[in-house]
Each structure stands twice: as C-alpha cells, then as structure tokens.
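Chain and residue survey
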Amino acid sequence: MSLGLEGKNVLVTGGSRGIGRGIVHALATAGANVAAVYRTRSEAVDQLERELKEIGGKSTLIQADVSDSAAVEQMFAEYAEFADTVDVLVNNAGTISHIPFQELTEAEWRRVLDTNLTAPFLVSQRAIPLIPAGGSIINIGSKLARVGLPLRTHYIASKAGMEGLNRSLAKELGPKQIRVNLVAPGVIETEAVTDPKVLAAMREKYSNLTALGRLGQTDDVAGVVLFLASDLSKYMTGEIVTVDGGI
Ligand code: NDP
C-alpha cells in the first residue's frame, strides 16, 4: 500500500545518526524528497549520503546547528534551493546528559533546553510559512517526559516542554489544516552505543521492563513517523504517540 509520500518534501533535523537516520531512510524509501540536517560532518554523514543515492529519488544534506537562530536561517536559505514547500517537518535533533540536579550548570541546562526545545521552536516557526494545508509537523519527544527520573531533570523538562509546544501548536495550526503530533520513544538502540558490554548491560536492564521483551530499534520509531506523516493519520493532531514496547 502506498503511503502517498512520493514526491513530498520533508525536512528532518538530526538526520545523520540514530533515530533521525532511521526516519530519513524510511521517508526516502517511501519516495519522499528528503532534506536531512546534520550538525557534525562525519563518516556517518558521508555514508548516509551514499545510502540516499542508492535509494534514489531527490535528497540533500544540510549542515546546521538547529539551536542557533542564525544557522537555522542559513539552513532555510539552503533548503529553498532544494524545495519550495515543507510538507513534513520532523523535529528530531536532541541531546541528553546524566547529571545530578545540584551539579547541573546553567550552561548545560541551556545547552539541553536550546537543543531539545528552542530548536523545534526556531525550526517550526521558520518552516510553517512553507507548510501547505495537509502538511504536518512531527516532534520527537520522549516517554521520559511523563515519567521523571533523577539525573535527567534538564532533559525531561525540555521534553515535557516539547509536549506543551506540540499540544498548543496543534490548536494554533489546526485551522490551516496543518497537523502537529509527537512521537515519544522509550529506550531505543542506536549506533551511539557501540561498546558490546554497554549494549548488553542496557538490554539486560531495560528489556524486561517492556511487554515485548526487547529494546526498540530505530525502524520502530520510523514506522510511526511514516504513519503520522501520511494521510493515514489525517484526523490526528496534538497527539502523543508512545513507542516503548509497552513499558
Ligand atoms: P543521537 O545522539 O543518536 O542523534 C542525535 C542527532 O541529533 C545527531 O544527528 C546529532 O548530530 C543531532 N543533533 C544534536 N544536537 C544538534 C543540534 N544542535 N543541531 C543539529 N543537530 C543536532 O540521538 P537519538 O537518535 O538517540 O535521539 C533522537 C531523538 O530521539 C532525540 O530528540 C532524543 O531525545 C529522542 N529520544 C531518543 C531515545 C533513545 O532511546 N535513543 C529515547 C527517547 C527519545 P551530531 O552528529 O552532530 O551530534
């Protein structure tokens, strides 16, 4: 079954690694024209470029730190050469650190909030004039936003803020027929964890907490993003879709 994403112009932040990379792959494979935003040029970005060429279709890679408003402006200037609409925006770029609250510096608080909450504000605000009726914004939040855990106060505050942004923006953009939804992943394995011992410990710690008995993979999240990007979800907006294997 076609998802109707062929030829749709999509912009994915944090597309070079992890969940974002999985989302870029899934959208490109579904026939969308994908602009993947990366921050750091790395072997992973070169490889993604080769993979997108293999998938075929129209794609581009744009370098930008999405927490920096000047960089976001420049990113959209480059994007304008790729496409004149953003049919789907995926605010995926994110960052985390594990620090006791009393040791959290203002700089680290701001770094995490800037990346996880201010960046979706900056990018969405700039993208909205380019989103046509029927288009959508998909925010990648976190299951943790509704759980609360020590050492991640700043991260969880940022993701809870994103949920508020998601709900309110959905109301504001509804009359324009633009949908806004959020995917809240649980524990997802990404290539960031390369040490087999760390990976084994992570699997042991979290797999048993899930009903499905395993950690999530990037394609588990990407599948839900495809659904939210497509007209299959055309009457859903302001939603939070949890993808956590039933924790
Ligand atoms: P990764 O650390 O594997 O990848 C993060 C991506 O975001 C990288 O491409 C990174 O680029 C990019 N990025 C980070 N900061 C910026 C910035 N300022 N400007 C542009 N790009 C940036 O993360 P995940 O794939 O694990 O996470 C993706 C999203 O999913 C995040 O929002 C995260 O909070 C959320 N999430 C992840 C979970 C998980 O278990 N993995 C669980 C719940 C939510 P660079 O290569 O330059 O660092």
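Under the annotation held in an unreviewed UniProt entry, the protein carries the name 3-oxoacyl-[acyl-carrier protein] reductase and is attributed to Kutzneria buriramensis. Taken directly from UniProt, the Sequence similarities (unreviewed entry) text for the protein runs: "Belongs to the short-chain dehydrogenases/reductases (SDR) family."

1. Re the pairing of strand β2 (residues 33-38)
Taken across its six residues, β2 has six buried, putting it largely inside the fold. Bridge count for strand β1 (residues 9-13) against β2 is five bridges, and the pairing is parallel. Note on β2: the bridge partner recorded for V12 is A36. Once the chain exits β1 it traverses helix α1 (residues 18-29) before rejoining the sheet at β2, and the crossover so formed is right-handed. Bridge analysis of β2 against strand β3 (residues 59-63) gives five bridges, and the strand direction is parallel. The residue bridging A35 from the neighbouring strand is T60, located in β3.

2. Some remarks on the site of the ligand
In the vicinity of the ligand there are 25 residues, among which I19, R39, T40, N92 and Y155 approach most closely. Compared with its free state, where it exposes 890 Å², the ligand has 89% of that area covered by protein. Of all the secondary structure elements, the ones that give two or more residues to the shell around the ligand are α1 and α5 (153-173). Here the shell around the ligand is built from residues that sort into nine nonpolar, 12 polar and four charged.

3. With respect to the sheet that holds β3
Strand order in the open sheet made by the seven strands is β3-β2-β1-β4-β5-β6-β7, with parallel pairing throughout. Unpaired on one side and paired on the other, β3 and β7 (240-243) mark the two borders of the sheet. Neighbour to neighbour, the strand axes of the sheet diverge by 15° on average, direction disregarded. One ladder, built from four bridges, connects strand β4 (residues 88-91) with strand β5 (residues 136-140); its direction is parallel. Residue V90 lies in a different strand from β5, and its bridge partner there is I138. The strands touched by helix α2 (residues 43-55) are β2 and β3; relative to β3, the strand with the most contacts, the crossing angle is about 165°. Packing of helix α4 (residues 106-127) onto the sheet brings it into contact with β1, β4 and β5, and relative to β4 it is tilted by some 170°.

4. Notes on the packing of α1 against helix α7 (residues 218-229)
Relative to each other, α1 and α7 sit at 50°, their axes nearing to 8 Å. With respect to their mutual orientation, α1 and α7 come out oblique. Once α1 is placed against α7, the crossing between them reads as right-handed. Two secondary-structure elements touch here, α1 through G18, I19, G22, I23, A26 and L27 and α7 through T218, V221, A222, V225, L226 and A229. Taken together, the residues of the contact of α1 with α7 sort by class into nine nonpolar, three polar and no charged.

5. Re α7
Over its 12 residues, α7 runs 16 Å from end to end, which matches the ideal 16 Å to within 8%, given 1.5 Å per residue. Among the residues making up α7, those that are buried are T218, V221, A222, V224, V225, L226, L228 and A229. Buried residues belonging to α7 abut α1, β4, β5, β6 (179-185) and β7.

Rules behind the numbers
Residues numbered from 1 in each chain as written. Predicted model: local features only at pLDDT ≥ 70, side-chain atom pairs only at ≥ 80, totals over all residues. Heavy atoms only, no water. UniProt positions renumbered as here; feature names shortened; annotations may be inferred. Buried < 20%, exposed > 50% of the residue type's maximum accessible area, 1.4 Å probe, protein only. Helix = DSSP H or I, 4+ residues; strand = E, 2+ residues; numbered from the N terminus. Pairing = 2+ DSSP bridges. Right-handed = clockwise from strand over helix to strand, strands pointing away. Near = heavy atom within 4 Å. Areas by Shrake-Rupley, 256 points an atom, 1.4 Å probe, with all protein chains shown as cover. Nonpolar A, V, L, I, M, F, W, Y, C, P; charged D, E, K, R; others polar. Axes fitted to C-alpha atoms, helices over the stretch in contact; angles between N-to-C directions. Contact = heavy atoms within 4.5 Å. Parallel < 35°, antiparallel > 145°, perpendicular 65-115°, else oblique. Left-handed = near helix turned anticlockwise from the far one by under 90°. Expected span 1.5 Å × (residues − 1).

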